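Structural overview for review
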Amino acid sequence: VIMYVTDYLRLYKMSAHDLAMTMIRDVLKNTCTCGSVRIYLDRFNEILKDDTATSITKYFALYNLMSIAQELGDLDLFFIAARMRGKLVAEEDLSVIGLEKTNSEIIWAQEAELALKAKDSNDAFEKLVALKIEKFKGNLDRATAEASAKRSIKKYTKLFKDFIE
């Protein structure tokens, strides 16, 4: 479906991204009236597998899947959806909703997931340190990278406290 919404952006004082999210949420709210989260998950899965679904539809399906994962406290599902959404943003044209191609969402998801695992795993901590060094193109010494990794662990533990508790 193609819609010309430029006038509505000014009327509702929304960005293209916000208007598209509002419209898709309204459609989902009014068509997914079932109470079962499993049915919501199945519908999102169908959208993601549908070859005819647009990148924008998939983006919002993944966005909402992340929200459901958050409601369920399912950290694994959250990061699966976050990585998929990051890949979509990096590879697909989502400029109509105000998003430019970037790999920053993939990096964010990878760093956040590693930071949360690094609390209890030396292997995850080492991977997080390596990611920090890679992120700064080798211009970070080991001690600084470790300190940065420890700050990331604190930051993401605080950010995801509802998942962890």
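To keep things clear, this report deals only with the structure shown in the data block. (Residues numbered from 1 in each chain as written. Predicted model: local features only at pLDDT ≥ 70, side-chain atom pairs only at ≥ 80, totals over all residues. Heavy atoms only, no water.)

Notes on the environment of Y63
Using the following cut-off: The helix count covers DSSP runs of H or I at least four residues long, the strand count covers runs of E at least two residues long, and both are numbered beginning at the N terminus. Under the scheme applied here, a residue whose accessible area is under 20% of the maximum for its type counts as buried, over 50% as exposed, and between as partly exposed, the area being computed with a 1.4 Å probe on protein chains only.
Take Y63: it is sitting in helix α4 (residues 55–72). Judged by relative accessible area, Y63 falls into the partly exposed class, the value being 24%.

Section: the nonpolar core
Rules: Working definition of a nonpolar core: buried Ala, Val, Leu, Ile, Met, Phe, Trp, Tyr and Cys residues. They are joined through side-chain atoms within 4.5 Å. Any pair of residues with heavy atoms lying within 4.5 Å of one another is described as a contacting pair.
By size, the foremost hydrophobic cluster in this structure holds 41 residues, and its most contacted members are Y59, L65, F78, F79, I97, L128 and F160. If you list the elements that add at least two residues to this core, you get α2 (16–31), α3 (37–49), α4, α5 (75–91), α6 (104–118), α7 (122–135) and α8 (142–159). Sort the elements by how many residues they give to this core and α4 lands first, with eight residues. Ignoring any residue separated from it by four or fewer positions in sequence, one finds Y59 in contact with H17, R85, L88, V89, L94, I97, L99 and E105.

Thoughts on the environment of L114
Along the chain, L114 turns up in helix α6. On the basis of relative accessible area, L114 is assigned to the buried category, the value being 14%. Discounting residues that sit within four places of it in the chain, L114 has contacts with A124, K127, L128 and L131.

Observations regarding α5
Condition: A helix is expected to span 1.5 Å multiplied by its residue count minus one. Under this definition, polar contacts are N or O atom pairs within 3.5 Å; protein pairs additionally need one hydrogen-donor-capable and one acceptor-capable atom, and for neighbouring residues in sequence, both atoms have to be side-chain atoms.
Taking 1.5 Å per residue, 17 residues should reach 24 Å; α5 reaches 24 Å between its end C-alpha atoms and fits that length. When we look at burial in α5, the residues that qualify are L77, F78, F79, A81, A82, R85, G86, L88 and V89. The N-cap residue of α5 is D74: its side-chain oxygen and the backbone nitrogen of D76 are 3.3 Å apart.

Observations concerning α7
We apply this condition: Directions are taken from the helix axis to each C-beta atom, and the arc is the one they span.
With 14 residues, α7 extends 20 Å between its outermost C-alpha atoms, agreeing within 8% with the 20 Å of an ideal straight helix rising 1.5 Å per residue. Among the residues of α7, A124, F125, L128, V129, L131 and K132 are the ones counted as buried. All buried residues of α7 lie within an arc of 160° about the axis, which places them on one face of the element. Exposed residues on α7 whose side chains face more than 90 degrees from its buried face are N122 and E134. Next to the buried residues of α7 lie α6 and α8. By the N-cap criterion, in which a side-chain oxygen at the helix start approaches the backbone nitrogen of a residue two or three places on, α7 is capped by S121, the distance to D123 being 3.4 Å. Residue K137 follows α7 closely and has a positive phi angle near 50°.

A word on the packing of α7 against α8
Under the convention used in this document: Axis angles are defined between N-to-C directions and span 0 to 180 degrees, where every axis is a line fitted to C-alpha atoms and, for a helix, only to the segment in contact. Each angle is binned into one of four classes, with values under 35 degrees roughly parallel, values over 145 roughly antiparallel, values of 65 to 115 roughly perpendicular, and all other values oblique. What makes a crossing left-handed is the near helix being turned counterclockwise from the far one by less than a right angle; a clockwise turn instead makes it right-handed. Lys, Arg, Asp and Glu make up the charged group, whereas Ala, Val, Leu, Ile, Met, Phe, Trp, Tyr, Cys and Pro make up the nonpolar group; the residues left over, Gly among them, are polar.
Relative orientation of the contacting elements α7 and α8 amounts to 115°, with a least axis distance of 9 Å. Judged by the angle between their axes, α7 and α8 are roughly perpendicular. Note on packing geometry: the crossing formed by α7 with α8 is right-handed. Across the interface between the two elements, F125, E126, L128, V129, K132 and I133 from α7 touch R142, A145, E146, S148, A149, K150, S152 and I153 from α8. Classifying every residue of the contact of α7 with α8 by side-chain character gives seven nonpolar, two polar and five charged.

Here's the deal with the side chain of E105
Locating E105 in the fold gives a position in helix α6. Take E105: its relative accessible area is 19%, and that puts it in the buried class. A polar contact is formed between the side chain of E105 and the side chain of R85, at a distance of 2.8 Å.

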